[in-house]
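Residues per chain, in single letters:
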Amino acid sequence: MMLEIESVRKSFGSLEVLRGVSLSVEPGDVVAILGPSGSGKTTLLRCINFLESAGDGTMHFDGETFQMARMARKDIARLRKKTAFVFQDYNLFRNKTALQNVTEGLTAARRIPKKQAAELAVRALDKVGMAGRENHYPHQLSGGQQQRVAIARAIAANPKIIFFDEPTSALDPELTGEVLAVMRQLAEEGMTMLVVTHEIGFARTVSNKAVFMENGVVVEAGPSREFFQNPREERSKAFLQTIRPAGLAE
């Protein structure tokens, strides 16, 4: 098991957003986290990467066990060196080029020498189809290109797992396709990914596990093929029926 979380809870004031969420990720898994808006999907992802502090819960990651509500900064920093996070709004430095956006984390957080970082960044940008745009600034790139730079930044550090938080939600359909194609390629190469997404077609064809959340709990989880073809829970069936015409059309 690469990653397992147990009974994760998170509240914002009196609002309990996560109510005892558990899930597991094996090496090479592509896990799609699905559910209606407000179900706690993004909060869960942010708690797993310690962008938010969980109120309770246990994490087993890469052979170690942590109490998520009592994490030391040094442990968080160490864990983040093994992971990467792709945000829905790209989160690029506006005053840095594509190349600089990728190298920044390598040199600052991982202390990789500048020359080596630049070589890793060029390879990562080429991998996501951004060769030739290394010196472009974010304002010179489309939304899809900016998100591909963000993915290059994620893969350049060779993480054990990448967390994707609705990576196509800010894109129009044409640009969405180019980002999903990069993610599909990463999945085919065996990259472990935990993906919060509304792209049901992508989840159905690329993920091997599906997690359906609502109201801060996991309603159903299991192999994607079983979830999409024969969901067990009535709420899962209702959710799939609402998105089936657009999201599951062949």
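Above this text is the structure in question.
Residues numbered from 1 in each chain as written. Predicted model: local features only at pLDDT ≥ 70, side-chain atom pairs only at ≥ 80, totals over all residues. Heavy atoms only, no water.

Enquirer: Looking at this structure, I do not really get the packing of aromatic side chains. What am I missing?
Expert: The description of two aromatic rings rests on the distance between their centres and on the angle between their planes. Per the counting criterion, the structure on display carries five aromatic pairs. Geometrically, the ring pair formed by F212 and F227 is tilted, given 6.4 Å between the ring centres and 35° between the ring planes. Of this pair, F212 sits in strand β9 (residues 209-214) while F227 is found in helix α8 (residues 224-229), placing the two residues 15 residues apart along the sequence. On the basis of relative accessibility, which here comes to 2%, the residue F227 falls in the buried class. Between F212 and F239 the ring centres are 4.8 Å apart and the planes differ by 35°, which places this aromatic pair in the tilted class. Here F212 is found in strand β9, whereas its partner F239 is found in helix α9 (residues 234-247), with 27 residues between them in sequence. Here the two residues F212 and F239 agree in accessibility, since each one is buried. Within the aromatic cluster, the residues linked to one another by ring pairs are F212, F227, F228 and F239. (Phe/Tyr/Trp six-rings, centres within 6.5 Å; stacked < 30°, edge-to-face > 60°. Helix = DSSP H or I, 4+ residues; strand = E, 2+ residues; numbered from the N terminus. Buried < 20%, exposed > 50% of the residue type's maximum accessible area, 1.4 Å probe, protein only.)

Enquirer: Is there a simple way to think about the nonpolar core in this case?
Expert: Nonpolar side chains tend to gather and get buried jointly when the protein is soluble and globular. Of all hydrophobic cores here, the largest spans 40 residues; its most connected members are V149, I151, I162, F164, M183 and M193. Those elements giving two or more residues to this core turn out to be β6 (83-86), α3 (98-108), α4 (114-127), α5 (143-156), β7 (161-165), α6 (173-188), β8 (193-196) and α7 (200-206). The contact partners of I151, leaving out residues within four places of it in the chain, are V86, V128, F164, V179, V182, M183 and L186. Counting residues in hydrophobic clusters, the runner-up holds 31 residues, among them L3, L18, F66 and I76. (Core = buried A, V, L, I, M, F, W, Y, C linked by side-chain atoms within 4.5 Å. Contact = heavy atoms within 4.5 Å.)

Enquirer: Is there a simple way to think about the environment of D56 in this case?
Expert: Along the polypeptide, D56 turns up in strand β4 (residues 56-61). In sequence terms D56 and Q229 are 173 residues apart; their C-alpha atoms lie 34 Å from each other. Those residues in contact with D56 that sit more than four places away from it in its chain are S7, V8, R9 and A69.

Enquirer: How should the side chain of E166 be read in this particular structure?
Expert: With respect to the helices and strands, the residue E166 is situated in the loop between β7 and α6. The buried charged residue E166 lacks any salt bridge partner; its closest oppositely charged side chain belongs to K41, at an N-O distance of 4.3 Å. Apart from residues lying up to four places away in sequence, E166 is in contact with K41, T42, Q88, V196, T197 and H198. (Lys, Arg positive; Asp, Glu negative; His and termini not counted. Salt bridge = Lys/Arg side-chain N within 4 Å of Asp/Glu carboxyl O.)

Enquirer: Before we go on, may I ask you to explain the sheet that holds strand β3 (residues 30-34) in this structure?
Expert: Sheet strands line up and pair through hydrogen bonds in the backbone, either parallel or antiparallel. The strand order across the open sheet built from six strands is β6-β7-β8-β3-β9-β10, with neighbouring strands paired in mixed fashion. A strand with exactly one partner marks an edge of an open sheet, and here the two such strands are β6 and β10 (217-223). The average angle at which neighbouring strand axes cross in this sheet is 15°, direction not considered. Direction of pairing for β3 relative to β9: parallel, over a ladder of four bridges. Pairing of L34 across the sheet is with F212, part of β9. Together, β3, β7 and β8 form the strand contacts of α6, whose direction differs from that of β8 by roughly 150°. (Pairing = 2+ DSSP bridges. Axes fitted to C-alpha atoms, helices over the stretch in contact; angles between N-to-C directions.)

Enquirer: How do you make sense of empty space enclosed by the protein when you look at a structure like this?
Expert: Regions of empty space are outlined by a rolling probe, equal in size to a water molecule, passed over the atoms. A full pass over the atoms with the stated rule returns one cavity of 30 Å³ or more. Around the largest cavity, the lining residues are L3, I48, N49, F50, M59, F61, L79, R80, T83 and F163. Elements with a contribution of two residues or more to the lining of the largest cavity: β4 and α2 (73-80). A class-by-class count of the residues in the lining of the largest cavity yields seven nonpolar, two polar and one charged. (1 Å grid on protein atoms, 1.4 Å probe; cavity = no way out; pocket = protein on both sides within 12 Å on 5 of 7 lines; lining within 4 Å. Points joined across faces, edges and corners; volume = space filled by probe spheres on them. Nonpolar A, V, L, I, M, F, W, Y, C, P; charged D, E, K, R; others polar.)

Enquirer: Looking at this structure, how should I read the packing of α4 against α5?
Expert: When two helices pack together, their arrangement is given by the angle between the helix axes and the distance between those axes. For the pair α4 and α5, the least separation of the axes is 8 Å and the interaxial angle reads 130°. Accordingly, the angle class assigned to the pair α4 and α5 is oblique. Viewed along their axes, α4 and α5 form a crossing whose handedness is right-handed. Residues L120, A124, L125 and K127 of α4 touch α5, and the partners they reach there are V149, A152, I155 and A156. Here the contact of α4 with α5 is built from residues that sort into seven nonpolar, no polar and one charged. (Parallel < 35°, antiparallel > 145°, perpendicular 65-115°, else oblique. Left-handed = near helix turned anticlockwise from the far one by under 90°.)

Purely geometric numbers; function is a separate question.
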